Each structure stands twice: as structure tokens, then as C-alpha cells.
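An overview of the molecular structure
Here's the letter readout for the chains.
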Amino acid sequence: MSEKKTEANWPDLTGRIEGDGHVLPVRVYYEDTDFSGVVYHAAYLKFMERGRTELLRMRGVHHHELDSGVHGEALAFAVSHMDIDFLRPARIDDVLEVHTDISEVKGVRMFISQRVMRGDEILIKANVIAVAISAGGKPRRLPKDLVAKMNGT
């Protein structure tokens, strides 16, 4: 009889904390590539979104709780700005790591730096600004308890 898979006994699903940041392993699949087997640029956005989500999850911030209003009015995060440097290509079957660090949480904004790496080689560098928004789409100041969790305190 096989054991039921859960996050508790399947830790690679959410990656790992290293120092103040988070590392998420990602394998490149056919669906992530263009006709030549190189990762299509938009696939990196998905990889980085997963990295940001898993970092928050590991720090106790869950999207379903934000949406349900556990922290007051329902809120969500929206990327308002992203600077990306595409340095080297990844290819089908590569195993990558998405490194995510929250550098600052202030007011409605979360400042995040991310790197997509293959071994020691940096493929993508990105600086991201995500803002907290209410259900109506307006910017919303983050509650102090959430800020503490995002900062890992």
C-alpha cells in the first residue's frame, strides 16, 4: 500500500529556503520550449511566478487565505513592474533553479529579486515589484502580520 503524497512528505514540491531566500527546482518540458527546443521567453515568467508563490507559502502566506479575507479585506498580489535580463538560453530537459529573494516590503509594495540558474550559470536576472491590491483592484497597504511573515520574521 503506497503512502498518500502530501506537502509534508513531498518537500521538493515547494522548494527550499536557503539563507534569506528561496530556491525552486524546475525541469524544462517540451511545453516550455519553442520549435528549436529553447525555452520560450514567457515560460520564465511562469517559473518566476512559481518561485514567488512558493517563497510566500513557505513563509506562511497562502493565496487562498489572502483571497478569503483572513487578513481583513480580501487581497491579492499583482506584478506592477519587472526588469528582466535574458542572459543565456535554457533547453528542453534542463534542470533549473529559481532563486527568489524579497529585498523589501513597504506600504503596498514588495520588492523581489530573482535569478533562474542552471548549476552555477545565471540564465535570467529579474527585479520585480508586486503590489497588494484589494478585491476592487485598488492598492492596499499590507497588514503588519503579513509584512512580518514576508520578511521571514
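Here the structure is a predicted model, which is why all the values come from computation and not from measurement. (Residues numbered from 1 in each chain as written. Predicted model: local features only at pLDDT ≥ 70, side-chain atom pairs only at ≥ 80, totals over all residues. Heavy atoms only, no water.)

1. Observations concerning the overall build of the protein chain
Of regular secondary structure, the protein chain possesses 3 helices and 6 strands. The N-to-C order of helical and strand elements in the protein chain reads β-β-α-α-β-β-β-β-α. Radius of gyration (C-alpha) of the protein chain: 16 Å, near the 15 Å computed for a compact globule of 153 residues. Taking the intrachain contacts of the protein chain between residues at least 6 apart in sequence as the baseline, contacts between residues at least 24 apart amount to 64%. Charge centroids of the protein chain, computed over 21 positive and 23 negative side chains, lie 5 Å from each other. (Helix = DSSP H or I, 4+ residues; strand = E, 2+ residues; numbered from the N terminus. Rg over C-alpha atoms; globule rule 2.2 N^0.38 Å. Contact = heavy atoms within 4.5 Å. Lys, Arg positive; Asp, Glu negative; His and termini not counted. Charge placed at Lys NZ, Arg CZ, Asp CG, Glu CD.)

2. Section: the pattern of salt bridges
One pass over the full model with this rule turns up 8 salt bridges. Among the salt bridges present, the one from Arg 16 reaches Glu 97, with a minimum N-O distance of 2.8 Å. Residue Arg 16 is found in strand β1 (residues 16-18), and its partner Glu 97 is found in strand β4 (residues 95-106); the two are separated by 81 residues along the sequence. With relative accessibility at 32%, the residue Arg 16 sits in the partly exposed group. Among the residues examined, Glu 97 registers a relative accessible area of 24% and is labelled partly exposed. In this structure, the salt-bridge partner of Arg 52 is Glu 49, at a minimum N-O distance of 2.6 Å. Separated by 3 residues within a single helix, Arg 52 and Glu 49 lie in helix α1 (residues 41-58), roughly one turn from each other. Accessibility expressed as a relative area gives 36% for Glu 49, which makes it partly exposed. Through salt bridges with shared partners, one network takes in Arg 88, Asp 94, Arg 118 and Glu 121. (Salt bridge = Lys/Arg side-chain N within 4 Å of Asp/Glu carboxyl O. Buried < 20%, exposed > 50% of the residue type's maximum accessible area, 1.4 Å probe, protein only.)

3. Re the sheet that holds strand β2 (residues 21-27)
Spatially, 6 strands are ordered β1-β2-β4-β5-β6-β3 in an open sheet, and the strand pairing comes out antiparallel. Two strands lie at the open edges of the sheet, namely β1 and β3 (75-86), each paired on one side alone. Shown here is a sheet whose adjacent strand axes are inclined to one another by a mean of 30°, direction ignored. (Pairing = 2+ DSSP bridges. Axes fitted to C-alpha atoms, helices over the stretch in contact; angles between N-to-C directions.)

4. Quick word on the packing of aromatic side chains
This model, assessed by the stated rule, comprises 2 aromatic pairs. Taking 6.0 Å as the distance between ring centres and 85° as the angle between the ring planes, the aromatic pair formed by Tyr 44 and Phe 47 counts as edge-to-face. Taken as a pair, Tyr 44 and Phe 47 lie in helix α1 at a separation of 3 residues, close to a single helical turn. Judged by its relative accessible area of 1%, Phe 47 is buried. (Phe/Tyr/Trp six-rings, centres within 6.5 Å; stacked < 30°, edge-to-face > 60°.)

5. Describing α1
Since the α-helix turns once every 3.6 residues, residues separated by three or four places project in the same direction. Taking 1.5 Å of rise per residue, the 18 residues of α1 would be expected to cover 26 Å, and the 27 Å separating its terminal C-alpha atoms lies within 8% of that figure. Of the residues making up α1, those classed as buried are Ala 43, Tyr 44, Phe 47, Met 48, Gly 51, Arg 52, Thr 53, Glu 54, Leu 55 and Leu 56. Looking at the residues trailing α1, positive phi occurs at Gly 60, about 90°. (Expected span 1.5 Å × (residues − 1).)

Purely geometric stuff here, so don't read any function into it on its own.
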